[in-house]
Amino acid sequence: MKIAIIGAGNLGLSIATGILNSGAATTMYLTRRYPEALREFEAYGNVVTSSDNRMAVSKSDIIIFAVQPGDFPDVLQSVADLFSDNHVIISTITGFSIGEIEAITGPERFIIRAMPNTAISVAHSMTCLCSNEHGKTRLELAEAIFNRMGHSMIIPEDRMQAATVICASGIAFWMRLIRATTQGAIQLGFDAEEAQELAMHTSRGAAELLIQSGRHPEAEIDRVTTPMGCTIEGLNEMEHQGLSASLIRGIITSFEKISEIRKG
Ligand SMILES: NC(=O)C1=CN([C@@H]2O[C@H](COP(=O)(O)OP(=O)(O)OC[C@H]3O[C@@H](n4cnc5c(N)ncnc54)[C@H](O)[C@@H]3O)[C@@H](O)[C@H]2O)C=CC1
Ligand SMILES: O=C(O)[C@@H]1CCC=N1
């Protein structure tokens, strides 16, 4: 498979790294405005870097768009005449609907919206997917690609903005929780490096417990909270200070911002 990434910035390069390390592509075309920053990727041997989007599209089977929302209409328009019946068009653009994409490409194209996160670079993305009517026959292919780099879920398009907040922005939210835990550990006497190691592996363990057991988080909390012990004391204080409420409010605020990005 020949895969192009149009707009190889933060997310695009994370996807490129994931694809290259998983061996999902025979050749990759990476573009950005100033492609000098992409040169190191040429060391993979099967990577072509350029600012020429038309070259990248015409040589690829799967085209992944990862430019900023404001740049997307012009970028898509500038390559739309090159799309053939075989191209699979994948957009990671926040808040840009399938209807808006079809208005530029026409409906008779395989169009997938994908919402991965930057953990795709280490094969642990949570990626949500949906497609246009024509693209339904290519959803399985998209799922197979993204499953090589983590876990994926097919969802209705009207859940895509919520998925952006939970999965894509979610990386930043979880990072902040890990960082705060690290700061607590430093205050309790660990040096910074040890503190981060403790926080990272504990958070991985918590997620893995739920993934492997299928149990509810509260069932796992019940196993840890000794009656009158230190865990419930700390947990209740966190809730008195608004831990769950502040997370939920942050998620809703982030969700509301997405419609503003599009208006902007
Ligand atoms: N950063 C993230 O974690 C996530 C981002 N997204 C979405 O992915 C898209 C990209 O986000 P980021 O990677 O954070 O942005 P970014 O600004 O890091 O990357 C965008 C890239 O597009 C390039 N670009 C701009 N105009 C271009 C053109 N005409 N031709 C080729 N390349 C061009 C820029 O040079 C830049 O490297 C956005 O639409 C964002 O909403 C979605 C999920 C997660
Ligand atoms: O913050 C943003 O707007 C983008 C979309 C999700 C992650 N980064």
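This is a predicted model, so every value here is computed, not measured. (Residues numbered from 1 in each chain as written. Chains lettered and ligands numbered in written order. Predicted model: local features only at pLDDT ≥ 70, side-chain atom pairs only at ≥ 80, totals over all residues.)

1. Some thoughts on the sheet that holds strand E2 (residues 27–31)
Moving on, step 1. What the eight strands build is an open sheet, ordered E3-E2-E1-E4-E5-E6-E7-E8; its pairing is mixed. For this open sheet the edge positions go to strand E3 (47–50) and strand E8 (150–154), each flanked by a neighbour on one side alone. The average angle at which neighbouring strand axes cross in this sheet is 20°, direction not considered.
Moving on, step 2. When strand E6 (residues 110–115) meets strand E7 (residues 125–131), the two strands line up antiparallel, connected through four bridges. For Ala114, the partnering residue across the bridge sits in E7 and is Leu129.
Moving on, step 3. The sheet contacts of helix H6 (residues 160–187) involve E6 and E7, and relative to E6 the element is tilted by about 40°. (Pairing = 2+ DSSP bridges. Helix = DSSP H or I, 4+ residues; strand = E, 2+ residues; numbered from the N terminus. Axes fitted to C-alpha atoms, helices over the stretch in contact; angles between N-to-C directions. Contact = placed C-beta atoms within 7 Å.)

2. Points about helix H9 (residues 230–240)
An α-helical segment advances 3.6 residues per turn. Residues three or four places apart therefore align on the same side.
Moving on, step 1. The buried fraction of H9 amounts to zero of the eleven residues, a small share that puts the element mostly on the outside.
Moving on, step 2. Once H9 ends, the next one or two residues include Gly242, with phi positive near 95°. (Buried ≥ 20, exposed ≤ 12 C-beta atoms within 10 Å, placed from the backbone.)

3. Digging into the site of ligand 1
Moving on, step 1. Lining the immediate environment of ligand 1, one finds 24 residues, of which Gly7, Gly9, Leu11, Thr94 and Ala168 sit closest.
Moving on, step 2. Per-element accounting of the shell around ligand 1 gives the leading share, three residues, to helix H1 (residues 10–22).
Moving on, step 3. When the residues that make up the shell around ligand 1 are grouped by side-chain class, the tally is ten nonpolar, eleven polar and three charged. (Near = placed C-beta within 6 Å. Nonpolar A, V, L, I, M, F, W, Y, C, P; charged D, E, K, R; others polar.)

4. Some words on the UniProt feature "domain: Pyrroline-5-carboxylate reductase dimerisation" (unreviewed entry) in the chain
Moving on, step 1. Taken from the UniProt record, the annotation "domain: Pyrroline-5-carboxylate reductase dimerisation" (unreviewed entry) applies to residues 157–260.
Moving on, step 2. In residues 157–260, helix accounts for 84% and strand for 0%; the two terminal C-alpha atoms are 18 Å from one another. (UniProt positions renumbered as here; feature names shortened; annotations may be inferred.)

5. What to know about the pairing of E7
Moving on, step 1. Most of E7 sits out of view: seven of its seven residues are buried.
Moving on, step 2. Here E7 shows two buried faces, one formed by Ser125, Thr127, Leu129 and Ser131 and the other by Met126, Cys128 and Cys130.
Moving on, step 3. Of the pairings in the sheet, the one linking E7 to E8 comprises five bridges and is parallel in character. Among the inter-strand pairings, Ser125 is bridged to a residue of E8, identified as Gly150.

6. Concerning the UniProt feature "domain: Pyrroline-5-carboxylate reductase catalytic N-terminal" (unreviewed entry) in the chain
Moving on, step 1. Within this structure's numbering, the places UniProt gives as "domain: Pyrroline-5-carboxylate reductase catalytic N-terminal" (unreviewed entry) are residues 2–93.
Moving on, step 2. Taken end to end, residues 2–93 is 30% helix and 24% strand, and its two terminal C-alpha atoms sit 21 Å from one another.

7. Describing unusual backbone geometry
A negative phi angle characterises most non-glycine residues, just as the trans form characterises most peptide bonds.
Moving on, step 1. One non-glycine residue, Ala123, lies in the positive phi region at around 60°.
Moving on, step 2. Note that Ala123 resides in the loop between E6 and E7.
Moving on, step 3. The class for Ala123 is partly exposed, based on 15 C-beta atoms found within 10 Å.
Moving on, step 4. Of note, Met228 is a non-glycine position whose phi angle comes to about 60°, a positive value.
Moving on, step 5. Tracing the backbone through its elements, the reader meets Met228 in the loop between helix H8 (217–224) and H9.

8. Some thoughts on the site of ligand 2
Moving on, step 1. The environment of ligand 2 is made up of Thr94, Thr164, Ala168 and Ser169.
Moving on, step 2. Within the shell around ligand 2, the residues separate by chemical class into one nonpolar, three polar and no charged.

9. Topic: helix H5 (residues 139–147)
Moving on, step 1. Buried within H5 we find Ala142, Ile145 and Phe146. One side of H5 holds all its buried residues, which, seen down the axis, span an arc of 90°. Away from its buried face by more than 90 degrees, H5 exposes Glu140 and Ala144.
Moving on, step 2. Buried residues along H5 sit against strand E5 (88–91), E6, E7 and E8. (Arc of directions from axis to C-beta.)

10. Some remarks on the environment of Phe110
Moving on, step 1. Mapping Phe110 onto the fold places it in strand E6.
Moving on, step 2. The class for Phe110 is buried, based on 23 C-beta atoms found within 10 Å.
Moving on, step 3. Taking C-alpha positions, Phe110 is 7.9 Å from Asp85, a pair spaced 25 residues apart along the chain.
Moving on, step 4. Setting aside anything within four residues of it in sequence, one finds Phe110 in contact with His87, Val88, Ile89, His134, Gly135 and Arg138.

11. A word on the domain arrangement of the chain
Moving on, step 1. By domain assignment, the chain separates into domain 1 (2–155) and domain 2 (164–263).
Moving on, step 2. Here the C-alpha centroids of domain 1 and domain 2 sit 31 Å apart.
Moving on, step 3. Taken residue by residue, the interface counts nine residues in domain 1 and eight residues in domain 2.
Moving on, step 4. For the side of domain 1 that touches domain 2, the per-class residue count stands at five nonpolar, four polar and no charged. (Domains from an automatic or database assignment.)

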